[in-house]
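# Structural overview for review
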There are 2 protein chains.
Amino acid sequence: MADRSTVVRQWDFRWSGVVRKQYKTGGEHFRAITRQTLLGDANDERGLNNLLRYFEIEPGGYSSLERHQHPHMVVVIRGRGRVILGDRVEPIDHLDCVYVAPDTFHQFHATDREPLGFLCVVDRERDRPVLPTAEERARLAENPAVAKLMKSG
Amino acid sequence: MADRSTVVRQWDFRWSGVVRKQYKTGGEHFRAITRQTLLGDANDERGLNNLLRYFEIEPGGYSSLERHQHPHMVVVIRGRGRVILGDRVEPIDHLDCVYVAPDTFHQFHATDREPLGFLCVVDRERDRPVLPTAEERARLAENPAVAKLMKSG
């Protein structure tokens, strides 16, 4: 049977037929995040080599500080925040796009005032994230801006 | 040299360092569209297996009625409109996501009142679009809603 095209409708940052899940289970290296897989999970979407997800970080929350071989494509669609990208910190705002290069430690942070929501495209087949070692954390912290922002378990 | 992560900043539906181009050159089978490649074109983004583009269709405009083997992931980020997806027409609105399945004829239409802008992710390596034959156009037009909306060269 051929794949069927689909329209997944949005309402207030929820999407029709999409389950909102916790970002990850276990660990203390992230805070206050949910995940919705918008395209790529349904049977009819098996033609896609990648997945489209929506992550939302509550005020004051942050994602894991991690790296992996697969790159990320990110587009901010709600609020603003900051991202650690290797040895630097970048502000991110509405519709800014972020390319996270392979093997680059990264961590997204909401502000204290509002949620930060972003689309993220990844390859369907991808390697698992790796958390920084103590040595890697020390190296990242050489930039005071990164040291001030970074959180890790 | 390792790839470098990048942040591509948005302002009024233009992005830093990104050239706005015509959707396609030649042909009369589309109207009033521009294209910006947001991620995947720069040297530093060669880790990506796919491209993130932004298309904007002016009021009254539309994309080509075409099909191809590679699927599309689309997210509406400006305005609203309608899309022909094979044998049906679907309304699309802010942050709705569209999966265009392989080999499905599709055509995006802005309303007459405002531009329709959407993100579109595709594989970097992909087949070329094919326009419908007269026979295929006739088959698509069997649904009156499609017949009323479709434009083809």
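Residues numbered from 1 in each chain as written. Chains lettered and ligands numbered in written order. Predicted model: local features only at pLDDT ≥ 70, side-chain atom pairs only at ≥ 80, totals over all residues.

### A word on the overall build of chain A
On a plain count of helices and strands, chain A comes out with two helices and 12 strands. Scaling as 2.2 N^0.38, a compact globule of 153 residues should have a C-alpha radius of gyration of about 15 Å, and chain A matches this with 16 Å. Dimensions of chain A along its principal axes, counting C-alpha atoms only, are 55 × 35 × 30 Å. Out of the 153 residues in chain A, the part that is buried amounts to 39%. (Helix = DSSP H or I, 4+ residues; strand = E, 2+ residues; numbered from the N terminus. Rg over C-alpha atoms; globule rule 2.2 N^0.38 Å. Buried ≥ 20, exposed ≤ 12 C-beta atoms within 10 Å, placed from the backbone.)

### Considerations on the environment of B:Glu136
Residues and elements named next belong to chain B. You can see Glu136 is positioned in helix 1 (residues 134–140). The exposure class of Glu136 is partly exposed, given the 15 C-beta atoms found within 10 Å. Distance from Glu136 to Cys120, taken between C-alpha atoms, is 25 Å for residues 16 residues apart in sequence.

### Describing the nonpolar core
Formed by 76 residues in total, the largest nonpolar core has its most connected members in A:Val75, A:Cys97, A:Leu119, B:Val75, B:Cys97 and B:Leu119. With near-sequence residues (within four places) excluded, A:Val75 lies in contact with A:Leu95, A:Cys97, A:Phe118, A:Leu119 and B:Leu119. (Core = buried A, V, L, I, M, F, W, Y, C linked by C-beta atoms within 7 Å. Contact = placed C-beta atoms within 7 Å.)

### So, the relation of the copies chain B and chain A
Between chain B and chain A, the superposition needs a rotation of 180° and an axial shift of 0.0 Å, giving an RMSD of 0.0 Å. Both chain copies can therefore be described as sitting about a two-fold axis. Residue by residue, 98% of the interface of chain B is reproduced at the interface of chain A, so both copies engage with the same surface. (Least-squares fit on C-alpha atoms with pLDDT ≥ 70 in both.)

### Looking at the interface of chain B and chain A
Each partner contributes to the interface: chain B provides 41 residues, whereas chain A provides 40 residues. Mapped onto the side of chain B that touches chain A, the elements with two or more residues apiece are strand 1 (6–8), strand 5 (31–39), strand 6 (50–62), strand 7 (72–78), strand 9 (88–92), strand 10 (97–100) and strand 12 (116–123) of chain B. Considering every element that reaches the side of chain B that touches chain A, the biggest residue donor is strand 10 of chain B, with four residues. In the side of chain B that touches chain A, the residues fall into 23 nonpolar, nine polar and nine charged. When strand 1 (residues 6–8) of chain A meets strand 10 of chain B, the two strands line up antiparallel, connected through three bridges. Residue pairing for strand 10 of chain B: A:Val8 is matched across the bridge by B:Cys97. (Nonpolar A, V, L, I, M, F, W, Y, C, P; charged D, E, K, R; others polar. Pairing = 2+ DSSP bridges.)

### Section: the pairing of strand 9 of chain B
All names here are of chain B. Both strand 8 (residues 81–85) and strand 9 contribute to a ladder of five bridges, which runs antiparallel. Note on strand 9: the bridge partner recorded for Ile84 is Val89. Adjacent in sequence and paired antiparallel, strand 8 and strand 9 are bridged by two residues, among which Gly86 carries a positive phi angle near 65°.

### Digging into the environment of B:Trp15
Here B:Trp15 shows up in strand 3 (residues 14–15). For B:Trp15 and B:Tyr54, which are 39 residues apart along the polypeptide, the C-alpha to C-alpha distance reads 9.7 Å. Apart from the residues within four sequence positions on either side, B:Trp15 is in contact with A:Cys97, B:Val8, B:Arg9, B:Gln10, B:Gln36 and B:Leu38.

### Observations concerning the pairing of strand 11 (residues 106–110) of chain A
Residue and element names in this part refer to chain A. In terms of burial, strand 11 is largely enclosed, as five of its five residues are buried. By the alternation rule, side chains of strand 11 split into His106, Phe108 and Ala110 and Gln107 and His109, which are all buried. Across five bridges, the pairing between strand 8 (residues 81–85) and strand 11 is antiparallel. What sits directly across from Arg82, in strand 11, is His109.

### Describing unusual backbone geometry
Positive phi values are uncommon outside glycine, yet A:Phe13 reaches one of about 65°. Its place among the elements puts A:Phe13 in the loop between strand 2 (10–11) and strand 3 (14–15).

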